[in-house]
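Structural description and commentary
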Amino acid sequence: MTDDVDQILAVMEVAFDPIYGEAWNRRQVEDALKFGNCHYSLVNAQGREPVDGESAAGFFLSRTGYEEEELLLIAVDPHYRSKGLARSLLETLRIGARSRGAKRLLLEMRRGNPAESLYRNVGFHAIGERREYYRTPGGQRLDAITFACDMG
Ligand SMILES: CC(C)(COP(=O)(O)OP(=O)(O)OC[C@H]1O[C@@H](n2cnc3c(N)ncnc32)[C@H](O)[C@@H]1OP(=O)(O)O)[C@@H](O)C(=O)NCCC(=O)NCCS
C-alpha cells in the first residue's frame, strides 16, 4: 500500500492548484485508507491499472457509507488530461461502489471547479449547496455544491 500512497501523493502534488488548499498530505491519505473505510484506484496514462512500477497518471479516493459512496478526491496529472482518464476512474468507482452496496454516489465540489462538467457528463446532478463552506489558504471563502448520482 505504501507504494500506492506514494503514487497518489505524486499525482496530488501536480494536479491540485495550491491556491485552493485541496490537496491532502500523506497522513490524511494513510489515515483514510487505514481507518476511514476508504477505497482508491490508480490509472496509468493509458487508463489501465499501473503494473510493474509504472507511474500513475490519476487516482480517486472514495469513502463507503450505508448504501452510498462519497467521492473524496479525483485527480489526473495535467500532462494526461482530456484523454478520458477521469471518466474511466469514475466508471471504476461506479462498479466498485455498486459491489460494496452503494445505491448512489455523492461528492462535494467548490463552486466554479471546471470538474463540474465532468461530473454532469457522467450523470451527477446538484442536490444542495453549503455557503462559504471552504476557506482557501489565502482566506477566501467558497461555496460547496453537493452532487449525487443515482445508480438505480
Ligand atoms: C477534473 C479532472 C480530474 C479531470 O480529468 P481528465 O482526465 O482531464 O478528465 P476527462 O478527460 O476524463 O474528461 C471527461 C469529460 O469531463 C469534462 N471535463 C474534464 N475536465 C474539464 C475541464 N477542465 N473543463 C471543462 N470540462 C472538463 C469534459 O466534458 C470531458 O469530456 P470530453 O473529453 O468528451 O470533452 C482534472 O482536471 C484534475 O485533476 N483537476 C484538478 C483536481 C480537481 O479539481 N479534482 C476535482 C475535485 S477533487
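- In the annotation of an unreviewed UniProt entry, the chain is listed under the name Acetyltransferase and assigned to Novosphingobium barchaimii LL02.

1. Considerations on the site of the ligand
- Lining the immediate surroundings of the ligand are 20 residues, of which Ile-74, Val-76, Ser-82, Gly-84 and Asn-121 lie closest.
- At a separation of 2.8 Å, a nitrogen atom of the ligand approaches a polar backbone atom of Ile-74.
- In the environment of the ligand, an oxygen atom lies 3.1 Å from a nitrogen or oxygen atom belonging to the backbone of Ala-86.
- About the coverage of the ligand: the protein hides 72% of its 900 Å² of free accessible area.
- Mapped onto the shell around the ligand, the elements with two or more residues apiece are strand S3 (68–76), helix H3 (85–99) and helix H4 (115–121).
- Tallying contributions element by element places H4 first for the shell around the ligand, with five residues.

2. What to know about the environment of Ala-75
- Relative to the assigned elements, Ala-75 resides in strand S3.
- Among the residues examined, Ala-75 registers a relative accessible area of 5% and is labelled buried.
- C-alpha separation for the pair Ala-75 and Leu-85, spaced ten residues apart in sequence, amounts to 9.2 Å.
- In contact with Ala-75, other than residues within four places in its own chain, are Val-11, Ala-15, Phe-16, Ala-57, Gly-58, Phe-59 and Leu-89.

3. Brief notes about the sheet that holds S3
- The strand order S1-S2-S3-S4-S6-S5 describes an open sheet built from six strands, whose pairing is mixed. Here the strands that pair on one side only, and so sit at the sheet edges, are strand S1 (38–43) and strand S5 (125–135). Adjacent strand axes in the sheet meet at a mean angle of 25°, parallel and antiparallel pairs treated alike.
- Relative to S3, strand S2 (residues 58–65) is paired through eight bridges, and the arrangement is antiparallel. Looking across to S3, one finds that Thr-64 is bridged to Glu-69.

4. Describing unusual backbone geometry
- The backbone of Asp-52 sits at a positive phi, close to 50°, despite the residue not being glycine.
- Tracing the backbone shows Asp-52 in the loop between S1 and S2.
- We classify Asp-52 as exposed; its relative accessible area is 81%.
- Of note, the phi angle at Glu-132 is positive, near 50°, even though the residue is not glycine.
- Inspection of the secondary structure puts Glu-132 in strand S5.

What counts, and at which threshold
Residues numbered from 1 in each chain as written. Predicted model: local features only at pLDDT ≥ 70, side-chain atom pairs only at ≥ 80, totals over all residues. Heavy atoms only, no water. Near = heavy atom within 4 Å. Polar contact = N/O pair within 3.5 Å; in protein donor to acceptor, adjacent residues only side chain to side chain. Areas by Shrake-Rupley, 256 points an atom, 1.4 Å probe, with all protein chains shown as cover. Helix = DSSP H or I, 4+ residues; strand = E, 2+ residues; numbered from the N terminus. Buried < 20%, exposed > 50% of the residue type's maximum accessible area, 1.4 Å probe, protein only. Contact = heavy atoms within 4.5 Å. Pairing = 2+ DSSP bridges. Axes fitted to C-alpha atoms, helices over the stretch in contact; angles between N-to-C directions.

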